[in-house]
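Working through the structure, step by step
Each chain is listed here by its residues.
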Amino acid sequence: MSHKIILDTDPGIDDAMAIFFAFQHPEIDVLGLTTVFGNVPVDMAAKNAITLCDLAKQSIPVCKGVARPWVGPESTYAHFVHGDDGFGNIDYPAAKGEPDPRSSAQFIVDMARQYPGEITLVAIGPLGNLALALRLEPDLPKLIKGVSIMGGAAFVGGNVTPVAEANIWNDAYAAEIVFAADWELTMFGLDVTYACPFSPDFLTQLKSVNPSLGGFVHDAAQFYTQFYSQNEEQDVCYFHDAMPLAHLIEPSLFELKTGHARVSTDPLNQGQTSIALPNTTASPDWLEAQTIKVATKVNNQQLTQLYIDTYAL
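The shown structure was predicted, so the numbers you read here are calculated from the model rather than taken from an experiment.

Conventions we followed
- Residues numbered from 1 in each chain as written.
- Predicted model: local features only at pLDDT ≥ 70, side-chain atom pairs only at ≥ 80, totals over all residues.
- Heavy atoms only, no water.
- Buried < 20%, exposed > 50% of the residue type's maximum accessible area, 1.4 Å probe, protein only.
- Helix = DSSP H or I, 4+ residues; strand = E, 2+ residues; numbered from the N terminus.
- Pairing = 2+ DSSP bridges.
- Polar contact = N/O pair within 3.5 Å; in protein donor to acceptor, adjacent residues only side chain to side chain.
- Arc of directions from axis to C-beta.
- Contact = heavy atoms within 4.5 Å.

Quick look at the pairing of strand 2 (residues 28-35)
- Judged by how many residues are buried, strand 2 sits mostly within the fold: 7 of 8 residues are covered.
- In terms of strand pairing, strand 1 (residues 3-9) meets strand 2 through 7 bridges, oriented parallel. Bridged to I5 within strand 2 is V30.
- Bridge analysis of strand 2 against strand 3 (residues 62-64) gives 3 bridges, and the strand direction is parallel. When the sheet's bridge partners are listed, T35 is paired in strand 3 with K64.

Focus on the side chain of E137
- Considering the arrangement of structural elements, one finds E137 in the loop between helix 5 (128-136) and helix 6 (140-143).
- A distance of 2.9 Å separates the side chain of E137 from the side chain of R113, its partner in a polar contact.

Re helix 10 (residues 200-209)
- All buried positions along helix 10 are accounted for by F202, L203 and L206. Viewed end-on, helix 10 has its buried residues packed into an arc of 100°, placing them on one side of the element.
- In the core, the buried residues of helix 10 are packed alongside helix 1 (13-24), helix 11 (213-228) and helix 14 (300-311).

Thoughts on the environment of T51
- Turning to its location among the elements, T51 is positioned in helix 2 (residues 42-55).
- Given the relative accessible area of 4%, T51 is considered buried.
- For the pair T51 and Q222, spaced 171 residues apart in the sequence, the C-alpha separation amounts to 19 Å.
- If we ignore the near neighbours within four places in the chain, the residues touching T51 are F87, Y92, P93, A94 and A95.

What is shown is where atoms sit, not what they do.
Take a look at the structure:
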C-alpha cells in the first residue's frame, strides 16, 4: 500500500532524518516538501529542503511557506539545537535550485484537489501552512485523507515552557485552527518522542547501512546530540519528526488515545495542547471541541529497527 504524503517541514536535523526515511521507504510517495519557519527561518528551511532532495536524488517540488506566526512577533528560531545552518554546523554545501513558485499553502490545496481523498498531510514543524491552506480552501478537510503532526504534549510537560512543545508554541493560533478543523488528525507529541531516546550507536548504524543519507544524519546530529546530552549521564538524542511517518507504515507500534483537543493561546499557556479523554468532563467548551487521536506509547525497539531497516533499503 502506497501512502501519498505532503511533508510540511522546517529542516532541522530531525526533519532531515524524517525526510530521508520518507524518501527511502517504498510505501511512501512524497509529492512535495512544503517548508515553514520553525527550527530555522523559512528561507533557510526551503534552501535546506532543496539540499536534502538533491542529496537523496529526489526531484520533487519544494515550496516556501509562512515566515512568521499567525499572531505575534517573528520567531527567535532554534539554532542552539540545530546549528546556525540547521544541519549542526557541518558546513554541508547548499544545492543549487529554486523553490516551486507556489506557496506551501497553495501547493497543499492544489495537490488536494488533484488527488482528493488520497493525501496525508504530515506536518513536522509549526502549523502555519496548514492553517493558511484551510483559509484558501475551506473544503480542504473533505479533500484530505488525514493529518499527522509531530507536535504537542498531551499528558507530559513541554520543552519550551512547562506546558508547551516547540512546534505548537511557535504558532499557537495556527495550531488552534488546524486542531479545530473537521479532519482526522493524529498527534505525535512529546508523550512518545521523549519516551524513545536514541544513543550514538543508532547514528553509527544509520551511517553504516546508508553512508550517504545515514552519514549525513550521523554528522549533523553530533551537534544535536550535544544539546540533548547536557544534563544526561550518557549521550542521547531524539528523532521526534519521523514518528508520524513510522505510524503510516507500522501503526501497530503505537498506542493511541482519543479525546477532545484544545490549544491554548493565552500568553502564560501559549501552545499548550490539552486533551479531554472520554468521560472526564461535562463542559461544552471541551465536548464541542474537535476529537483527535494522540499517540501515548510506542515500541522503542521495533521503531528503532524500522528506521535502520528503511535506511538500509
